Amino acid sequence: MEPAKIRPPATRQPAPQLLCQSIVQELVESSPEAIFLETLTGEILDCNCAACQIFGYAEKAELVTRQIKDIFPEKVAVTFPAVVTEELTTGGILVEAWGKRKDGSLFPTQVSTRLINYEGEQLVIAHIRDITVEKELEERRAVRQELTAALSTAAVSVNSRLQPDEVLDCILEQVARVVNGEAFNVMLINADSVRIVRWRGYDKLELGIKVSTEPMPLDKYPSLIKMLRTSAPVVIPDTLADPHWVGQEKEWRRSYIGAPILIGEEPVGFLNVNSTEPGRFGAEDGQRLQIFAIQAGTAIHNARLHQQLHQYAKNLEQRVAERTAELATQNARLETILRSVTDGIVVIDPAGTVLLANPLAEKWNAEFLPSADAQKLREAMRTLAREAGGALALTLELSTADLQLQAVPVLAAEGGESQVVITIHDVSELKTLERLKSQFISSISHELRTPLTAIKLYAQLLQYKNPNKEDEYLAALNSEIDYLVEMVERILQFSKISVHQITLKLEPTDLNVLLEAIIKSRQAFAKQKALSFTFHPNLGLPKIRLDQEQIRHVFLNLISNALHYTPAGGVVQVSTEITVDNGQEWVITEIKDTGMGIPHQELPHIFKRFYRGAEPRREQISGSGLGLAITKELVEVHNGWITVESKENHGSIFTVWLPVNRGPVLNQV
Ligand code: ADP
């Protein structure tokens, strides 16, 4: 024991003069402290009873005349002269020193000395107190404090981890601070079995122990079962003496301590500590391990919660990502649909604000329509948005297009504002077709009525039986009937094309010969109209595979138009040529006239069904508006194409391109 710090002596009151020697003697003898009177050289001159008791001597005589160093180990005894010296200057001393009993055992003491002058000689009075109990208490307090600190450090450390693996590692690392064992392990419970998941210290034992991580049935181990039942630690000071201990073949564990790891009241595992020495662990160790196991349980619980939370967040993140991708796909799909539909689509709120418009709708608004029409369109949409409680439709006749608007309300989400989806469908074509059809019906009626009236007239004239005129009337009748047949034929042909009922009979054809025949058949008419009508064939034309009947219709129609729409004195020329374009040979036929020409704005429409130019209608030139539509279809089913160049009042050039060495893709149209 180290000497305690020197403290200044207590201030003492002077002894009452009245105390007689016997009283002083009584006071000294009744003191619980050992009191010695000694010389400066350490020789014991006298002592009290307590001195005998404390130092284990039967009577004073055994102590008196001994040296102070006999009852204090030398190291302490030699301090006395120094103490004395100090006493001279400071007036007192208090030290702690190991006392030595008669039987040689050492015990802690507290010593205070006082120097006195007795009849001219300097002596020392020493008071000695046995402080064994105090020291033990102090030591125990220190150990407890140290353990509390170790436990709290371990708990903080374990609880600062959030990953389950780290927590288990840390538990194992810290348990060694709490319990002084040699081999440690952590077991986790899974249903009816346990498994060692972490271990430590086995290598250091150098016993070649192999730790098994295989699941072990819980019910095989009474110590574990007991912990489950009691939720309390199990301490086995000597495993060999414990009848319930389940030993191993070469049992190295001589003492054991275990504590259940609980989450709330549910046991989830065990902390096990082993030692090769028997009696290594006591009940206090068990308590400490239990306190630590509670912390370990909390840490495991937190880590599991954290992991669950982490997993939940991860799942949530993944679900959000999946949903976002899904929405993106849906949006992309929707956008593609909106882009690809041939109708304009607008989503609008009741106040008339456009919330969404597909590109076509935007174009209707910004590009396709002149601003006055676009304004009308916007107003119409606003009206529909306001009124479209149920589905509504209206047709908007604008200066440049006919649009059909269809409004469908969108069911609003709860509390949300209702919206309206408006589709804008361009019905201009349909409307035009309707108009053209009406025109067709009226003009075809006219076309049919005129020859029929003539036929009726000639038939009546024939009744008068004028032999001089009969031939003339019959010829006129025949001509009118031919015209009627031709007209009906065209209508039939058109209807066949419309329902794709034409079968091509392809055969190698000399186009020059075919054209020659047509031109010949129309010469009389040309002459009658005083037209110059000539043919300029390229004599080197290869034969091409054609349906002669259908191609005859093509050129008859184009040549007839040229003759019809060219006033008297004009020129109509037909020519053939061969050309190569992009490695493909083509026979081209040009029908050129110097007639009325086609106005620029009519050019895009002349190949449409029933379309007739304004001028022919005004001049009442007969026609059905079907010729060019039929012509174009027939040329295209031969894999060819037709072009037109024309200038009003100057004439037109129709050019037909037919491929050489290339059969048509379709045999049936
Ligand atoms: P149709 O001749 O019976 O009116 P088509 O389909 O053959 O019908 O022609 C459509 C329109 O094209 C004609 O009404 C006319 O306005 C114009 N057209 C065709 N060929 C010529 C041409 N050679 N010269 C001037 N206009 C033409």
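Residues numbered from 1 in each chain as written. Predicted model: local features only at pLDDT ≥ 70, side-chain atom pairs only at ≥ 80, totals over all residues. Heavy atoms only, no water.

Colleague: What am I meant to see in the site of the ligand here?
Modeller: Within the structure, the ligand sits among 20 residues, and N561, Y565, R612, S624 and L628 are positioned closest to it. A distance of 2.9 Å is found between an oxygen atom of the ligand and a side-chain nitrogen or oxygen belonging to N561. R612 places a side-chain nitrogen or oxygen 2.6 Å from an oxygen atom of the ligand. In isolation the ligand offers 520 Å² of accessible surface; the protein chains occlude 98% of this area. Looking at the shell around the ligand, the elements that each hand over two or more residues are α16 (548–564), α18 (627–637) and β23 (651–659). Of the residues assigned to the shell around the ligand, the class counts are 10 nonpolar, 8 polar and 2 charged. (Near = heavy atom within 4 Å. Polar contact = N/O pair within 3.5 Å; in protein donor to acceptor, adjacent residues only side chain to side chain. Areas by Shrake-Rupley, 256 points an atom, 1.4 Å probe, with all protein chains shown as cover. Helix = DSSP H or I, 4+ residues; strand = E, 2+ residues; numbered from the N terminus. Nonpolar A, V, L, I, M, F, W, Y, C, P; charged D, E, K, R; others polar.)

Colleague: Would you take a moment to explain the nonpolar core for this structure?
Modeller: By size, the foremost hydrophobic cluster in this structure holds 49 residues, and its most contacted members are L511, F555, L558, I559 and L658. The element contributing the most residues to this core is α16, with 8 residues. Ignoring anything within four residues of it in the chain, the contact list for L558 reads I591, L628, T631, I642, F654 and V656. Ranked by size, the runner-up nonpolar core spans 28 residues in total, among them F184, L188, I257 and A296. (Core = buried A, V, L, I, M, F, W, Y, C linked by side-chain atoms within 4.5 Å. Buried < 20%, exposed > 50% of the residue type's maximum accessible area, 1.4 Å probe, protein only. Contact = heavy atoms within 4.5 Å.)

Colleague: Which parts of the structure should I look at to understand the pattern of salt bridges?
Modeller: Two side chains with opposite charge may pair up if their charged atoms get near one another. Inspection of the entire model under this criterion finds 19 salt bridges. With its nearest N and O atoms 2.7 Å apart, the salt bridge here joins K102 to E62. Of the two residues, K102 sits in the loop between β3 (93–100) and β4 (106–118) while E62 sits in helix α3 (residues 60–63), which places them 40 residues apart along the sequence. The closest approach of N and O atoms between E134 and R129, which form a salt bridge, is 2.7 Å. Residue E134 is classed as partly exposed on the basis of its relative accessible area of 41%. Look at R129 and you get partly exposed, because its relative accessible area is 25%. Taken together, the salt bridges that share partners define one network made up of E96, K135 and E138. (Salt bridge = Lys/Arg side-chain N within 4 Å of Asp/Glu carboxyl O.)

Colleague: Just checking my understanding: could you explain the sheet that holds strand β16 (residues 419–426) for this structure?
Modeller: The strands making up a sheet are joined through hydrogen bonds of the backbone, oriented either antiparallel or parallel. Pairing in this open sheet of 5 strands is antiparallel, and the strands run β13-β12-β16-β15-β14 from one edge to the other. In the strand order of this sheet, the two ends are held by β13 (354–357) and β14 (392–397), each with one partner. Adjacent strand axes in the sheet meet at a mean angle of 20°, parallel and antiparallel pairs treated alike. Sheet analysis places β14 next to strand β15 (residues 402–410), joined by 6 bridges and oriented antiparallel. If you follow A393 over to β15, its bridge partner there is Q406. Contacts from helix α12 (residues 371–387) reach β12 (344–348), β14, β15 and β16, with the element oriented near 165° to β14. (Pairing = 2+ DSSP bridges. Axes fitted to C-alpha atoms, helices over the stretch in contact; angles between N-to-C directions.)

Colleague: Explanation requested: the packing of aromatic side chains in the structure shown.
Modeller: With the rule as written, the count across this model stands at 10 aromatic pairs. Taking 5.3 Å as the distance between ring centres and 65° as the angle between the ring planes, the aromatic pair formed by F55 and F107 counts as edge-to-face. With F55 in helix α2 (residues 49–55) and F107 in strand β4, the pair connects residues that are 52 residues apart, well separated along the chain. Relative accessible area serves as the criterion here: at 0%, F55 is assigned to the buried category. Between F607 and F654, the ring centres sit 6.5 Å apart and the planes meet at 75°, which makes this aromatic pair edge-to-face. (Phe/Tyr/Trp six-rings, centres within 6.5 Å; stacked < 30°, edge-to-face > 60°.)

Colleague: Explain the pairing of strand β6 (residues 183–190) here, please?
Modeller: Note on strand geometry: in a regular strand, side chains alternate between the two faces of the sheet. Within β6, 6 of the 8 residues are buried, which leaves it mostly tucked inside the rest of the structure. Direction of pairing for β6 relative to strand β11 (residues 266–275): antiparallel, over a ladder of 6 bridges. Note on β11: the bridge partner recorded for A183 is N274. Looking at chain direction, β6 and strand β7 (residues 193–200) are connected through 7 bridges and run antiparallel. Each residue of the ladder has a partner; that of M187, found in β7, is I196. In sequence, β6 turns back onto β7 through a hairpin of 2 residues, with A191 there showing a positive phi of about 55°.

Colleague: How should the side chain of R612 be read in this particular structure?
Modeller: Structurally, the position occupied by R612 is in the loop between β21 (584–593) and α17 (614–618). A polar contact is formed between the side chain of R612 and the side chain of Y565, at a distance of 3.3 Å. In contact with R612, other than residues within four places in its own chain, are Y565, R617, I621, S622, G623, S624 and G625.

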